[in-house]
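Listed here are the chains, written in short residue letters.
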Amino acid sequence: MANSFWIKASFILQALCFMILSSAFGVEPLRLTLEQATNMTTERNLELKAKRENLGLAEARLIRANLLFQHNPELEGDVSNRRLNKPEDGSRNVVQGGVFLSQEFEIGGQPIFRRQAAQRNYEKVKFEVADFERTLRFRVTELFLRLVNGQTKVKQAEQIVDLRSRLYEASSTRLKLGDIPEVQHTLSEFELNRARSDLIGLQREYQELLAKLRGDLGLEADTSVEVTGELRPTPTAFSPAELIKMALERRPDLSALEREVKLTEAEERLTRSERIPNVKAGPFYERDDRDNIIGGRISIPLPIFDRKQAELREALARRSAANINYLNLRQGIERSVRAAYVRLKLSEQELSYYPETAMKRFDETLELYLKAYEERQVEISEYLLFQNQVIEARQKFIDAMTNYNLSLAELKLQAGIE
């Protein structure tokens, strides 16, 4: 008996140690609000980090454009052995050679236009990165709102499973008392299993959305994440005209195309200036038989065949395309803002049909119906009909709230509002 006591005590002690260690080393889930999720995205997202590296390419072009000369000086030299045959001196070998230092100069104003083009390109890339960050934040916001939607539906599904379990227990009790036929008990069991199946489906969708969120946040696949927050209406007081004005002033993609237009204009001027040939000049020194020769040399290419015709046509086409893209985006922004505003107003109207106080009264009524069934005051078909109606109403309320928040996020995206 004593050995049995100590064996049991040993098992109990090991179990307690295991529980203590598990709680001590257990990994807490990463709880995130919407603001924390979007901020983490801008810090950790790998796509955004790759986009930011494009700024390095633009900086390299800017560094290149700000060089004093675009071409390094050239040093040339030659050495030769000259044999002299003179009657008075006889035959002899004379070493002779020379050195020539040259520098290519741009005389058509190319450095100014090149620096302008590089600066506009750098500004364009900055706005492109900002636009990608803006769309990424919206993508995470959309994911987060859908996760809150899924989380709310999972909680509701758990409540439904609990209610169906209680219904199954009540029907089992009534079946034992001979108060209901067996088919009603079978029906309650079927409804319970269907509720459990629906819960698993919602949990699966929720985990898939979490996996996408982890990818955007740059987290490991096994990182436990939990979203915190509620779906709440936050109305906006801006008119469509005000939103369009803000969009035209703040949208980074429009600013990027504006810089693209200025970039193509600077590149066109640069191409025109390059039609003026560069001059190559510099001093030289030569050693002859008896003389040292010092002088200068100049070289000018003759633009007879290649006068930058193809490059100029290409520059003009890029400039025209940039202007068209800019005008098209301006018009598209106005249409997008108006469409997003209409969707938000429709979402507001839809949400008004589902007051939150009514949803709470539905939950209270469900409890009353279940008690009524337990007390044999209503039949199972009547209870299930009312319960399914409440479930459908609550799901529509959750979806209406989600659609409203998604419409608001899209309107902010289109209007360039952070």
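In this text the structure is predicted, and so the values were computed from the model without any measurement. (Residues numbered from 1 in each chain as written. Predicted model: local features only at pLDDT ≥ 70, side-chain atom pairs only at ≥ 80, totals over all residues. Heavy atoms only, no water.)

1. Some words on the overall build of the protein
Working step 1: Regarding its fold elements, the protein presents eleven helices and six strands.
Working step 2: Here the protein has a C-alpha radius of gyration of 39 Å; the compact-globule value for 418 residues is 22 Å, and the former is much larger.
Working step 3: Taken along its principal axes, the extent of the C-alpha atoms in the protein is 145 × 75 × 35 Å.
Working step 4: Here the protein holds 418 residues, and the buried ones make up 36% of them.
Working step 5: Look at the contacts in the protein between residues 6 or more apart in sequence, and 80% of them connect residues 24 or more apart.
Working step 6: Looking at the protein as shown, the accessible area adds up to about 25,600 Å², and 55% of this sits on carbon and sulfur atoms.
Working step 7: With 62 positive and 64 negative side-chain charges, the protein shows a separation of 4 Å between the mean positions of the two kinds. (Helix = DSSP H or I, 4+ residues; strand = E, 2+ residues; numbered from the N terminus. Rg over C-alpha atoms; globule rule 2.2 N^0.38 Å. Buried < 20%, exposed > 50% of the residue type's maximum accessible area, 1.4 Å probe, protein only. Contact = heavy atoms within 4.5 Å. Areas by Shrake-Rupley, 256 points an atom, 1.4 Å probe, with all protein chains shown as cover. Lys, Arg positive; Asp, Glu negative; His and termini not counted. Charge placed at Lys NZ, Arg CZ, Asp CG, Glu CD.)

2. Overview of the nonpolar core
Side chains that are nonpolar tend, in soluble globular proteins, to be buried together.
Working step 1: Leu-147, Leu-213, Val-227, Leu-243, Val-337 and Leu-411 are the most contacted members of the largest nonpolar core, which totals 43 residues.
Working step 2: Taken together, the elements giving at least two residues each to this core come down to α2 (34–44), α5 (110–176), α6 (182–217), β4 (225–227), α7 (240–250), α8 (252–273), α9 (309–352) and α11 (380–415).
Working step 3: Excluding residues that lie within four positions of it along the chain, Val-227 makes contacts with Leu-32, Phe-144, Leu-147, Val-148, Gln-151, Tyr-206 and Leu-213.
Working step 4: Residues Tyr-373, Val-378, Phe-386 and Val-390 belong to the second largest nonpolar core, which totals 14 residues. (Core = buried A, V, L, I, M, F, W, Y, C linked by side-chain atoms within 4.5 Å.)

3. A word on the pattern of salt bridges
Working step 1: Tallying each qualifying case throughout the model produces 33 salt bridges.
Working step 2: Of the charged contacts in the structure, one is a salt bridge between Asp-162 and Arg-166, with a shortest N-O distance of 3.9 Å. Linking Asp-162 with Arg-166, this pair stays in helix α5, spanning four residues, or about one helical turn.
Working step 3: Note on Asp-162: relative accessible area 41%, which makes it partly exposed.
Working step 4: As a salt-bridge pair, Lys-396 and Glu-392 come within 3.6 Å of each other at their nearest N and O atoms. Of this pair, Lys-396 and Glu-392 both sit in helix α11, four residues apart, roughly one helical turn.
Working step 5: Several salt bridges share partner residues, and in doing so they unite Arg-61, Glu-267, Glu-314 and Arg-318 into one network. (Salt bridge = Lys/Arg side-chain N within 4 Å of Asp/Glu carboxyl O.)

4. Thoughts on the side chain of Glu-191
Working step 1: Here Glu-191 shows up in helix α6.
Working step 2: Of the polar contacts made by the side chain of Glu-191, one reaches the side chain of Arg-164; its length is 3.0 Å.
Working step 3: Aside from chain neighbours lying at most four places away, what touches Glu-191 is Arg-164 and Leu-384. (Polar contact = N/O pair within 3.5 Å; in protein donor to acceptor, adjacent residues only side chain to side chain.)

5. Observations concerning the environment of Asp-253
Working step 1: Note that Asp-253 resides in helix α8.
Working step 2: Measuring from C-alpha to C-alpha, the distance between Asp-253 and Ala-130 comes to 8.1 Å, with 123 residues separating the pair along the chain.
Working step 3: Look past the residues within four positions of Asp-253 in its chain and what remains in contact with it is Asp-131, Arg-134 and Leu-329.
Working step 4: One polar contact links Asp-253 to Arg-251, side chain to side chain, over a distance of 2.8 Å.

6. Observations concerning a nonpolar patch on the surface
Working step 1: A surface patch of nonpolar side chains, about 490 Å² in accessible area, is lined by Leu-68, Phe-69, Phe-105, Ile-107 and Ile-276.
Working step 2: With relative accessibility at 33%, the residue Phe-105 sits in the partly exposed group. (Patch = residues over 30% accessible without salt bridge, like charges linked within 9 Å, V, L, I, M, F, W, Y side chains within 5 Å.)

7. Looking at the packing of α9 against α11
Working step 1: At a closest axis distance of 8 Å, the pairing of α9 and α11 adopts a crossing angle of 160°. In terms of orientation, α9 and α11 fall into the roughly antiparallel class. The chirality of how α9 crosses α11 is left-handed. Of α11, the residues touching α9 (which contributes Ile-333, Ser-336, Val-337, Ala-340, Tyr-341, Arg-343, Leu-344, Ser-347, Glu-348, Glu-350 and Leu-351) are Phe-397, Ala-400, Met-401, Asn-403, Tyr-404, Ser-407, Leu-408, Glu-410, Leu-411, Gln-414 and Ala-415.
Working step 2: The class makeup of the residues in the contact of α9 with α11 is 13 nonpolar, five polar and four charged. (Axes fitted to C-alpha atoms, helices over the stretch in contact; angles between N-to-C directions. Parallel < 35°, antiparallel > 145°, perpendicular 65-115°, else oblique. Left-handed = near helix turned anticlockwise from the far one by under 90°. Nonpolar A, V, L, I, M, F, W, Y, C, P; charged D, E, K, R; others polar.)

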